[in-house]
Amino acid sequence: RNADDAKYKNGMSLLPSFLPFTDRNNKDEIFFQLIIDDSLKPIDKSLRNRIRTFDTGNGDTIVDEIKGGGYQYIIKNIRQHDCCLLETNKDFSVCRCALNGSFVMRTFGLTNALMLIFAFRGSFKQTVLMHASVIIKDGWGYAFTASSGTGKSTHTSLWLKYIKNTELLNDDNPIIRIIDNIPYVYGCPWSGKTPCYRNLRAPLGAVAMIKRDNKNFLKKLPVLTAYTTLLPAVSIMRWDKVTFDNVCNTIGNILENIDVFDLHCLPNKEAAIICQKSISKQKK
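Keep in mind it's a predicted model, so treat the numbers as computed, not measured.

A closer look at the sheet that holds strand S4 (residues 71-76)
Here 6 strands make up an open sheet; going across it, the order is S1-S6-S5-S4-S3-S2 and the pairing mixed. The strands lining the two open edges of the sheet, one partner per strand, are strand S1 (33-36) and strand S2 (48-55). With direction set aside, neighbouring strand axes in the sheet form an average angle of 20°. When S1 meets strand S6 (residues 94-99), the two strands line up parallel, connected through 4 bridges. Residue pairing for S6: leucine 34 is matched across the bridge by cysteine 95. Each of S1, strand S3 (60-66), S4, strand S5 (82-88) and S6 is contacted by helix H1 (residues 103-121), which is oriented at about 30° to S5, the strand it contacts most.

Written out as structure tokens, the structure is:
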């Protein structure tokens, strides 16, 4: 790298979406530790086993399991350039990474490494990252999940347009955490294509799975169906028994407190109004 070019310097300049979340109480427990060390090299192939290569939609992530515990990840961008080499211990509490390339590549690599660590470390803290768009209404958070391209952001935009006193909390990867047996939904530094980085939380009121249809209606799901609906929407490592079991238990605890719906809908005003009336809870 060009040592005279300040934009390649590692630091908070790589993480603009994290700035709203930098304040913390010194008494808070450290969630995990990540050390950036650009001298870090890949672990010898004889000491790791390839799990698989994942296409994230923004580039590949190569996952190896380290013999003795822990993981190695190589995070690539859409052009398949190596942006980050990440090593973690078994429970993701202590991690190291090396960043590579331009300012944009480093930002991409570090942002995705932090999201990956948070998702899997969170499994030990009754915390999950969910692929969803979240609206806050009257003090409650409502999460809308869907297959890519189905229109979760379109639906929440209808709430913002037609329903009073609503606000967007996050548009892609909100955090859900259980505290004292209550699931809360949080804003976070990862919000997809919509720059919505809000340091707020609300008790989770409901989750709705959006399905395009030629009419608008909701169907409350039985617990088992709700479970199989939520599981694919959260970040998980199915091959890692400990983190997978942790996530499954957290989803079970979430379902003890909220309802999950199939939302069959058109992209229109009526869909938002019908949904809001059906799933809204009274403010605490």
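Considerations on the environment of lysine 193
By the element assignment, lysine 193 lies in the loop between strand S12 (182-186) and strand S13 (201-212). Residue lysine 193 is classed as exposed on the basis of its relative accessible area of 87%. Separated by 48 residues in sequence, lysine 193 and lysine 241 place their C-alpha atoms 32 Å apart.

As for the packing of aromatic side chains
This model, assessed by the stated rule, comprises 11 aromatic pairs. Between phenylalanine 92 and phenylalanine 120, the aromatic rings sit 5.5 Å apart at their centres with planes inclined by 55°, giving tilted as the arrangement. Of this pair, phenylalanine 92 sits in the loop between S5 and S6 while phenylalanine 120 sits in helix H1, and the two are 28 residues apart along the sequence. For the pair shown, phenylalanine 92 and phenylalanine 120 are each scored as buried. Arginine 201 extends its terminal NZ or CZ atom over the ring of tyrosine 184, reaching a point 3.9 Å from the ring centre.

Points about the side chain of lysine 125
Tracing the sequence through the fold places lysine 125 in the loop between H1 and strand S7 (127-129). Taking the relative accessible area as the measure of exposure, lysine 125 reaches 18% and is therefore buried. The residues touching lysine 125, leaving out its near neighbours within four places in the chain, are Glu29, Phe31 and Arg177.

The rules behind the values
Residues numbered from 1 in each chain as written. Predicted model: local features only at pLDDT ≥ 70, side-chain atom pairs only at ≥ 80, totals over all residues. Heavy atoms only, no water. Pairing = 2+ DSSP bridges. Helix = DSSP H or I, 4+ residues; strand = E, 2+ residues; numbered from the N terminus. Axes fitted to C-alpha atoms, helices over the stretch in contact; angles between N-to-C directions. Contact = heavy atoms within 4.5 Å. Buried < 20%, exposed > 50% of the residue type's maximum accessible area, 1.4 Å probe, protein only. Phe/Tyr/Trp six-rings, centres within 6.5 Å; stacked < 30°, edge-to-face > 60°. Lys NZ or Arg CZ within 6 Å of the ring centre and 35° of its normal.

Such coordinate-based values are descriptive only and should not be taken to indicate function.
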